Amino acid sequence: MTTEFFNGISPVEYKGAESSDPLSYRYYNPDEIVLGKRMEEQLRFAVAWWHSFAWEGGDPFGGSTFVRPWHPQDNMERARLKADIAFEMFDILGVPFFCWHDADLRPDQGNFKENLSTLNEITDYIGSKMNSDSPKLLWGTANMFSHRRWMAGASTNPDPDVFAFAAATVKSCMDATHKLGGQNYVLWGGREGYETLLNTNLSKELDNMGRFLSMVVDYKYKIGFTGTILVEPKPQEPSKHQYDFDVATCIGFLRKYGLEKEVKLNIEQGHAILAGHSFEHEIALAASEGMLGSIDMNRNDYQSGWDTDQFPNNVPEVALAYYHVLRSGGFSTGGTNFDAKLRRQSIDAVDLIAAHVGAMDICARGLKAAEAMINDGGLEAKLQERYQDWSKPEALKMLGSSLEDITQLVLEKNINPEPRSGNQEILENYVNRFV
Ligand code: XUL
Ligand code: CO
């Protein structure tokens, strides 16, 4: 059925950089070729069900500000209406993907059996709305942080019954993701961490989390899910400390439990900053270890103290992120998910469209700047030049020797290196030519 929610808003079209129509794309031109692929296939945009449709406009200091026809989200009729509106928005925007948590799709009835049956019902309904031209599922995931049962964690909970509920919940979400042809399955552990070390057994919790993730990987093969399993790092919030702190911590965790070939990372801009890193640092590190999976393109406010999940609006930042995505060969099963919400005063339907249009344009500009830097090759050439001495035979030989042999060499040849400039300002000026 067609609803009246977006009444009067036509499908958004690419009109070029000169367009002053606020609901047009000025840079996002899906068919334009960027580094040999259609722009749509490079960026692989996804709308997040939770922020765009389920979130009601609350913040840590106040409740709902949005009054949507599908609120309150406590019955299946309104869950179906929410899905109808979602597909109307996907059509207006022309986005190729969407993402969800189970809890965004159906109400939580408080017990696993009913949650399972309504999840199956609503994902069948969503499946019936999908065809070869409609947007696809980039990833599904389980919300194991909102309901009070998860307050002390899911797989890291001291209570084995919560571990069991979590295992059953993730199985149901993997089944639903598989049924809808999802390309990835994500685990973000908002409460997989602790509030205080005074009551926390770190090694027990980490081992249980490792075992849980191994079961997820085993189950992926059992059901023939060919998508990628992704873990999403975040240092804290809602937990005081979260085990999947950042990319480096996740890599160490995955290696410890022998999962480094099976699981990749979903990297979020806001989480990177919370961890004290830049977005491109997290992307480049994951890429350098072959573990870059997907990205959540939403930033936080640099002054507010909580995860404000804002749509991107900074081209230079986004350009450097895509530079590293493109440099690593681009996305395979991953994409660009807007894990971003409106400001709570943006209560109109048109705000929801405008937020995505602006974000998609910012990303398109960033992608094109990244493409230009790659085609120009200036950064890559500098990088090659900076490390060129490491391809010399004597340097390679040194790596295979020992501290004593190297000391001998330093004495014999009187090695006394002259420092070389890192040319940072020249490189920053170079980047500014493209962004
Ligand atoms: C929370 C967050 C989540 C994950 C999916 O900060 O980023 O929305 O992306 O659970
Ligand atoms: Co996220």
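Use the structure listed above.
Please read all numbers here as calculations on a predicted model, not as lab measurements.

(A) Spotlight on the side chain of Arg 68. Tracing the backbone through its elements, the reader meets Arg 68 in the loop between helix H2 (49-54) and helix H3 (76-93). Look at Arg 68: it is buried, it has no salt bridge, and the nearest opposite charge is Asp 348 at 6.7 Å. Within polar-contact distance, the side chain of Arg 68 engages the backbone oxygen of Ile 347 at 2.9 Å. Ignoring anything within four residues of it in the chain, the contact list for Arg 68 reads Phe 5, Leu 342, Ile 347, Asp 348, Ala 349 and Leu 352.

(B) Region of the structure containing the packing of helix H11 (residues 315-327) against helix H12 (residues 349-376). Interhelical geometry of H11 versus H12 gives an angle of 55° and a closest axis separation of 7 Å. By the angle between their axes, H11 is oblique relative to H12. As for how H11 packs across H12, the hand of that crossing is right-handed. For the pair H11 and H12, contact is made by Val 315, Val 318, Ala 319, Leu 320, Tyr 322, Tyr 323, Leu 326 and Arg 327 and by Ile 362, Cys 363, Arg 365, Gly 366, Leu 367, Ala 369, Ala 370, Glu 371, Met 373 and Ile 374, respectively. In terms of residue class, the contact of H11 with H12 is made up of 14 nonpolar, 1 polar and 3 charged.

(C) Examining the site of ligand 1 more closely. Neighbouring ligand 1 are Trp 50, His 101, Trp 139, Trp 188, Glu 232, Lys 234, Glu 268, His 271, Asp 296, Asp 307 and Asp 339. Between ligand 1 and Trp 50 there is a distance of 3.3 Å, counted from an oxygen atom to a side-chain nitrogen or oxygen. Contact distances for ligand 1 include 2.7 Å between an oxygen atom and a side-chain N or O atom of Glu 232. Here ligand 1, which alone exposes 300 Å², has 94% of that area covered by the protein. Class assignment for the residues of the shell around ligand 1 results in 3 nonpolar, 2 polar and 6 charged.

(D) Representation of the packing of aromatic side chains within the structure. With the rule as written, the count across this model stands at 24 aromatic pairs. Ring geometry for Trp 150 and Phe 165: centres 5.7 Å apart, planes at 85°, overall edge-to-face. Here Phe 165 lies in helix H6 (residues 160-179) and Trp 150 lies in the loop between strand E7 (136-141) and H6, a separation of 15 residues in the sequence. Judged by relative accessible area, which is 1%, Trp 150 ranks as buried. Plain terms: the ring middles of Tyr 430 and Phe 434 are 4.9 Å apart, the flat faces sit at 50° to each other, and that makes the pair tilted. Since its relative accessible area comes to 11%, Tyr 430 is described here as buried. Taken together, the ring pairs in this structure connect Tyr 25, Tyr 28, Phe 45, Phe 311 and Phe 338 into an aromatic cluster. It is Arg 68 that lies over the ring of Phe 66; its NZ or CZ is 4.5 Å from the centre.

Basis of the calculations
Residues numbered from 1 in each chain as written. Chains lettered and ligands numbered in written order. Predicted model: local features only at pLDDT ≥ 70, side-chain atom pairs only at ≥ 80, totals over all residues. Heavy atoms only, no water. Helix = DSSP H or I, 4+ residues; strand = E, 2+ residues; numbered from the N terminus. Buried < 20%, exposed > 50% of the residue type's maximum accessible area, 1.4 Å probe, protein only. Lys, Arg positive; Asp, Glu negative; His and termini not counted. Salt bridge = Lys/Arg side-chain N within 4 Å of Asp/Glu carboxyl O. Polar contact = N/O pair within 3.5 Å; in protein donor to acceptor, adjacent residues only side chain to side chain. Contact = heavy atoms within 4.5 Å. Axes fitted to C-alpha atoms, helices over the stretch in contact; angles between N-to-C directions. Parallel < 35°, antiparallel > 145°, perpendicular 65-115°, else oblique. Left-handed = near helix turned anticlockwise from the far one by under 90°. Nonpolar A, V, L, I, M, F, W, Y, C, P; charged D, E, K, R; others polar. Near = heavy atom within 4 Å. Areas by Shrake-Rupley, 256 points an atom, 1.4 Å probe, with all protein chains shown as cover. Phe/Tyr/Trp six-rings, centres within 6.5 Å; stacked < 30°, edge-to-face > 60°. Lys NZ or Arg CZ within 6 Å of the ring centre and 35° of its normal.

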